[in-house]
Amino acid sequence: DTRWLFLNDSLVYHSIYNPNNLRTGGTFDLFLVAPYFNKQPHVANMALVGLAAGTVAKQYTAVYGALPIDGIEIDPAVVDVGRRYFDMTEPNLNVIVGDGRWELEQLPGTYSVIGVDAYRPPYIPWQLTTREFFETVRGHLTDDGALAINVGRTPSDRRLIEALVGTLKAVFPSVHVVDVPNTGFNSMVYATVQPTDAAALAANLAALPADAHPLLRAALTDAVANVQPTPASTTIFTDDWAPVEQYADAIVLGYFLGGDTSALGR
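No experiment lies behind these values; they were computed from the predicted model shown. (Residues numbered from 1 in each chain as written. Predicted model: local features only at pLDDT ≥ 70, side-chain atom pairs only at ≥ 80, totals over all residues. Heavy atoms only, no water.)

## Brief notes about the side chain of Thr27
- Take Thr27: it is sitting in helix H1 (residues 27-30).
- Dropping the residues within four chain positions of it, Thr27 is found in contact with Asn150, Val180, Asn186 and Met188. (Helix = DSSP H or I, 4+ residues; strand = E, 2+ residues; numbered from the N terminus. Contact = heavy atoms within 4.5 Å.)

Dropping the structure here:
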């Protein structure tokens with residue numbers, strides 16, 4: 001009963017859909033917890049850079065209700081696939097076809113949450129990794145807003161995470177890292193407009209009402225169990241200097257040349 005979206009030669013899927021189970025147990029679920037780094041989480045709307053076939057938008061709608069969602073996807077063919085095969089038909093989802101950075105810059109409003117799900121090593125749009133881009137993101141967040149980014153890595157190489165943390169720290173007061181469970185290849189990086197502490201995740205989990213959506217409870221449980229220390233980093237990617245391809249190539253080549261690729265089967 002499950003459908004996956006794979007693009008090009010990717011070893012990972014970009015969307016997943018099962019009408020009987022919205023929980024994925026992985027990256028998509030963890031976008032839900034971004035507001036919960038705040039002591040008083042609040043979600044009124046969101047924007048997604050990298051909509052794909054709409055998995056995150058569907059989960060946000062299920063958990064938070066029919067809140068306005070602006071979803072940006074660069075490829076109209078992917079949007080068509082989402083509507084035909086992944087039930088991407090939520091009336092509260094406004095699909096925008098275009099480049100993620102350009103389209104976000106044109107949006108007039110602010111958002112409680114902005115999600116970026118457009119990094120798939122070795123294909124990472126450098127223009128979505130720079131201080132200038134994150135300044136645009138911050139300008140489109142509410143006073144209690146949060147940013148969530150899906151970042152690739154390997155079990156032993158976290159260079160890209162460290163570089164993005166350094167870049168985000170140049171724009172946001174607080175940055176947090178959560179490893180995605182059951183994989184050694186993804187982490188979620190969060191940044192908040194207000195100073196926040198990762199301990200708020202556990203406090204907010206404990207304070208969830210009994211009737212909270214089970215998907216949200218599961219996502220928060222996974223996040224609390226996989227919070228990582230925020231790395232110290234002085235790297236700052238800018239529009240004039242963002243060697244993302246060098247980072248991504250080094251990570252991929254280092255992993256395969258290391259000899260142990262058994263984690264790819266998990």
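## Focus: the pattern of salt bridges
- Enumeration according to the criterion identifies 10 salt bridges in this entry.
- The partner of Lys58 in a salt bridge is Asp87, with the nearest N and O atoms 3.6 Å apart. Here Lys58 is found in helix H2 (residues 55-64), whereas its partner Asp87 is found in the loop between helix H3 (76-85) and strand S5 (93-97), with 29 residues between them in sequence.
- Its salt-bridge partner being Arg159, residue Asp157 comes within 2.6 Å of it at the nearest N-O pair.
- Owing to a relative accessible area of 37%, Arg159 belongs among the partly exposed residues under this scheme.
- Overlapping salt bridges, with partners in common, bring together Arg23, Asp29 and Asp222 in one network. (Salt bridge = Lys/Arg side-chain N within 4 Å of Asp/Glu carboxyl O. Buried < 20%, exposed > 50% of the residue type's maximum accessible area, 1.4 Å probe, protein only.)

## Details of the pairing of strand S4 (residues 69-73)
- Of all five residues that make up S4, five are buried, and the element is covered over most of its length.
- Alternating positions in S4 separate into two faces, Ile69, Gly71 and Glu73 on one and Asp70 and Ile72 on the other, with burial throughout.
- Sheet topology places strand S3 (residues 46-49) next to S4; four bridges connect them, and they run parallel. Residue pairing across strands places Val49 opposite Ile72, the latter belonging to S4.
- With H2 bridging S3 and its parallel neighbour S4, the resulting β-α-β unit is right-handed.
- One ladder, built from five bridges, connects S4 with S5; its direction is parallel. Bridged to Glu73 within S5 is Val97.
- A crossover links S4 with its parallel partner S5, the connecting element being H3, and its sense is right-handed. (Pairing = 2+ DSSP bridges. Right-handed = clockwise from strand over helix to strand, strands pointing away.)

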